[in-house]
Amino acid sequence: MAIRKAVKGTAVVASGGLVAFYGLTQLTEYRKKQARLSHVEAVEQVNMAFQDELPSRQAQLTALRNTQEFDVLVVGGGATGSGCALDAVTRNLKTALVERDDFSSGTSSRSTKLIHGGVRYLQKALVKLDYEQYMMVKEALHERSNLLNIAPHLTALLPIMLPIYKWWQLPYYWAGIKIYDLVAGAQCLKSSYILTKTKALELFPMLKRDKLVGAIVYYDGQHNDARMNLAIALTAARYGAAIANYTEVVHLLKRVDPQMGKEIVCGARCRDVITGQEFDVRAKCVINATGPFTDALRKMDDQKNPNICQPSAGVHIVIPGYYSPDNMGLLDPATSDGRVIFFLPWEKMTIAGTTDTPTEITPHPIPMEEDINFILTEVRNYLSPDVEVRRGDVLAAWSGIRPLVTNPNSKDTQSICRNHIVHISDSGLVTIAGGKWTTYRSMAEDTLDAAVKAHNLSAGPSKTVGLMLEGAKDWTPTMYIRLVQDYGLEVEVAQHLASSYGGRAYEVAKMAHVTGKRWPIVGKRLVSEFPYIESEVQYAIKEYACTAIDVIARRTRLGFLNVQAAEEALPRIVDIMGKQLTWSEQRKREELSAAKQFLYYEMGYKARSEQLTDTSEITLTPAEVGRYMKRFHKFDKENKGFITTVDVQRVLESINVYIDADTLHEILNEVDLNKNGQVEFNEFLQLMSAVKKGQVSANRLAILMKTAEQSLDQINPLEQREPVDQRKPVSVDRSGGGV
């Protein structure tokens, strides 16, 4: 078997060499084109006003209502739709964009966070001698380089390790990765290299040692996808595009073309989702860039249109950052069922994913428990046995729907190519479908090229190669130091602001309130363990945030990083937004409820909490039950059978520990399954059983009660007690887990 695989690998490498040779024959013309573009600053090509102050959402809606006719109306505010708007407006076309939810609310905020050419697709291209996939990888590698250049604050190089456990795989994968570098050509980020077993374990100590032969490291890019999407949309707005989120298309407008004698799409009837007001937006050309909802808009145009998208669900999970090195990702190219799993550091946490399964189209995809467990199982397979990856360590989980272009000859979504298609219907509706995040710009360019030709629009070629995005202009790698020095921000907060807002970080810092402390001088955090500060909520409104969900999911990434922390931050976020947007008390309650529902279903809080609530079987030994009963009764002095915040506060005060009532309520509420304001003994046993099985980790109540018991026993050493843990007591603050 090994010999057969080696022979096959050699054949693939040989065929890959042929494909690479063809690529080299194209390289001269390719480099000439890139050289020409690199010598001309994109911003100098765009001869139009740049607005330093963003128009308000209301001003944008007014522009949509009052403009007699736009050249282009883009429907969809994801990466592709925003890219189309930016491409159009920088060609001096009068441009509008509407999005029925928030910018990047769908697939574009739920990616693997990679900017990549696609090692997986290159492998398929080589194995099947598929020229189309090869050219897709080549295009993506060019776009990868461009995206790293035009948004340096939101992007970074990321080395990714492929661990090798069989000797024959080493030359096979090495050859494949070297071809990946070769296809990138002059735009190769850094050259890939081979690591010995010892060096691989030094760089990635969590890796499974047994049978490890070595590793190969290659480079791709990484970004903050939701903020990147927002940066594209805001850049379009600054160049004059009228863009509005929470504005849905009710139906398409049509007129009869007297020359052709048929109906032509000439705009859309839109509705402001927030106020319910409807209005018409007329345009010479309408572009359908709605991702998974592509077919819904196509059927608005003509009910007879067949579906061209086949949706695929990709689930990702977030676990604590200590599971991966700070600056090294990991790729498992051959999981148990053939899917690829990435294991990547991101925002000081670790992302693992993704799955690839057929799904139904929904605006609110929910991560399923079976997908979460699949990812956890695969992660355990390549991490060291002494690194226990527990279900309870999953801090958040999400599902994104990939809008794959249907291939009628394929049997499953794994074999569907991510190539994009541009289609123009008989009525003139321009549809862009398929593709992937990295190639959003070239997809937009192809779409506008087709739209300009089909609708005889007066426009030149695309000018978006090298066009700097929102925040990139004044960003430098060391600008966070000035934020610390000039405003008195914490270093971690300053670094976060610089990497999220780029040169616009100074505006956020100016809004920050004085803390009243010696340090930091300004910048009160929304939650203690994340660098998001209150002034970001105010600035989010300038960036068209309309709901609390917009803030926790897309203006900041708190909801994607830790659902519990996001829930804790919500009341303050709602208060700030309510004051800025003059919300009523009723509206505040509705916002709070909607955001909690979002966290519960779409960010994995439900699947996480069920690890405790669905644990009906208590798998504790009699000795363990006795030990936990003793611990429980140290708080339940009156033998009521339950404990309340008053009981916990009394015990804590006896050992000189003071926690405010609101925090105590939150701690007990995590375990209070029937939500009656108290924790019964059976609920406590369920908690401890779930902790034992790894379904719950670092629960605050469990740690608090154990720490308090040990302190009490040290005060009264005559009591029989559980042996005292010689480590320092763990703080009740979240340490990376929880129910």
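So, a few notes on the structure that sits alongside this text. Every chain is numbered independently, its residues counted from 1 as its sequence is written. In view of the model being predicted, local features appear only for residues whose pLDDT reaches at least 70, and side-chain atom pairs are presented and counted only at 80 or more, with totals across whole chains, interfaces and linings using the full set of residues. Only hydrogens and water are set aside when side-chain values are computed; all heavy atoms of the structure are taken into account.

**Quick word on the packing of aromatic side chains**
In step 1: We call Phe, Tyr and Trp rings a pair once their centres come within 6.5 Å, taking the six-membered ring for Trp, and we label the pair stacked below 30 degrees between planes, edge-to-face above 60, and tilted otherwise. Evaluated as defined, the whole model comprises 17 aromatic pairs.
In step 2: Residues Phe343 and Tyr382 carry aromatic rings whose centres are separated by 6.0 Å and whose planes lie at 80° to one another, so their mutual orientation is edge-to-face. Taken together, the residues span a long stretch of sequence, with Phe343 in strand β13 (residues 341-346) and Tyr382 in helix α11 (residues 369-382) at a distance of 39 residues.
In step 3: Taken together, a centroid distance of 6.3 Å and an interplanar angle of 90° make the contact between Tyr628 and Phe684 edge-to-face. In this pair, Tyr628 is assigned in helix α22 (residues 622-633) and Phe684 in helix α25 (residues 681-692), connecting sequence segments 56 residues apart. Phe684 shares its class with Tyr628; the two are buried.
In step 4: Each member of the aromatic cluster is reached from another via a ring pair, and the members are Tyr628, Phe632, Phe681 and Phe684.
In step 5: In our convention, an over-ring charge means Lys NZ or Arg CZ found within 6 Å of a ring centre and within 35 degrees of that ring's normal. Lys208 extends its terminal NZ or CZ atom over the ring of Tyr165, reaching a point 5.4 Å from the ring centre.
In step 6: A cation sits over an aromatic face here: Arg557 above Phe560, 4.5 Å from the ring centre. By definition, any uninterrupted DSSP run of H or I lasting at least four residues is a helix, any uninterrupted run of E lasting at least two residues is a strand, and each is numbered from the N terminus. Classification of residues uses two cut-offs on accessible area relative to the type maximum, computed with a 1.4 Å probe and protein chains only: under 20% is buried, over 50% is exposed, and between them is partly exposed.

**A word on α11**
In step 1: The end-to-end C-alpha distance of α11, which contains 14 residues, comes to 21 Å, matching closely the 20 Å that a straight helix rising 1.5 Å per residue would cover.
In step 2: Along α11, the residues that are buried comprise Asp371, Ile372, Phe374, Ile375, Leu376, Glu378, Val379 and Tyr382. Here, expected helix span is obtained from the residue count minus one, scaled by 1.5 Å.

**Describing helix α16 (residues 535-542)**
In step 1: In terms of burial, α16 is largely enclosed, as seven of its eight residues are buried.
In step 2: Taken together, the buried positions of α16 are Ser535, Glu536, Val537, Gln538, Tyr539, Ala540 and Ile541.
In step 3: Packed against the buried residues of α16 are α14 (491-501), α15 (505-511), α17 (548-555) and α19 (563-581).
In step 4: Just downstream of α16 lies Tyr544, where phi reads positive at about 75°. We call two residues contacting when some pair of their heavy atoms lies within 4.5 Å.

**Here we look at the packing of α22 against α25**
In step 1: To get an axis, fit a line to the C-alpha atoms, keeping to the stretch in contact for a helix; angles then go from 0 to 180 degrees between the N-to-C directions. Between α22 and α25, the shortest axis-to-axis distance is 11 Å and the interhelical angle comes to 125°. Classified by the interaxial angle, the pair formed by α22 and α25 is oblique. Where α22 crosses over α25, the two elements pack in a sense that is right-handed. Of the residues in α25, those in contact with Glu624, Val625, Tyr628, Met629, Arg631 and Phe632 of α22 are Phe681, Phe684, Leu685, Met688 and Lys692.
In step 2: Taken together, the residues that form the contact of α22 with α25 break down as eight nonpolar, no polar and three charged. Here is the rule for angles: anything less than 35 degrees is roughly parallel, anything more than 145 is roughly antiparallel, 65 through 115 is roughly perpendicular, and the remaining ranges are oblique. Helix crossings fall into two classes, left-handed where the near helix is turned counterclockwise from the far one by less than a right angle and right-handed where it is turned clockwise. Classes in brief: Ala, Val, Leu, Ile, Met, Phe, Trp, Tyr, Cys and Pro nonpolar; Asp, Glu, Lys and Arg charged; the others, Gly included, polar.

**Observations concerning the nonpolar core**
In step 1: Core analysis: the biggest nonpolar cluster contains 46 residues, and Ile287 and Leu469 have the highest contact counts within it.
In step 2: When contributions to this core are tallied by element, the ones reaching two or more residues are β1 (70-75), α4 (79-89), α6 (131-150), α9 (225-238), β10 (278-288), β18 (430-434) and α12 (440-455).
In step 3: It is α9 that contributes the most residues to this core, eight residues altogether.
In step 4: In this structure Ile287 touches Val72, Leu73, Val74, Val75, Cys84, Val430, Ile432, Thr447 and Leu448, once residues within four positions along its chain are discounted. Among buried residues, those of type Ala, Val, Leu, Ile, Met, Phe, Trp, Tyr and Cys that are joined through side-chain atoms within 4.5 Å constitute a nonpolar core.

**A word on unusual backbone geometry**
In step 1: Between Gly353 and Thr354 the backbone carries a cis peptide bond, its omega angle lying at 20°.
In step 2: Locating Thr354 in the fold gives a position in the loop between β14 (349-353) and β15 (357-358).
In step 3: In this structure, Pro520 follows Trp519 across a cis peptide bond, with omega equal to -5°.
In step 4: By the secondary structure assignment, Pro520 is in the loop between α15 and α16.
In step 5: Notably, Leu129 is not glycine yet its phi reads approximately 50°, a positive angle.

**So, the pairing of β10**
In step 1: By the convention used here, strands pair only if DSSP detects at least 2 bridges between them. In terms of strand pairing, β1 meets β10 through five bridges, oriented parallel. Counted as the bridge partner of Val72 is Cys285 from β10.
In step 2: In this structure, strand β9 (residues 262-272) lies alongside β10, joined through five bridges in antiparallel fashion. Across the sheet, residue Cys270 finds its bridge partner in β10, namely Phe279.
In step 3: The sheet contact formed by β10 and β18 spans two bridges and is parallel. Bridge pairing links Ile287 to Val430 in β18.

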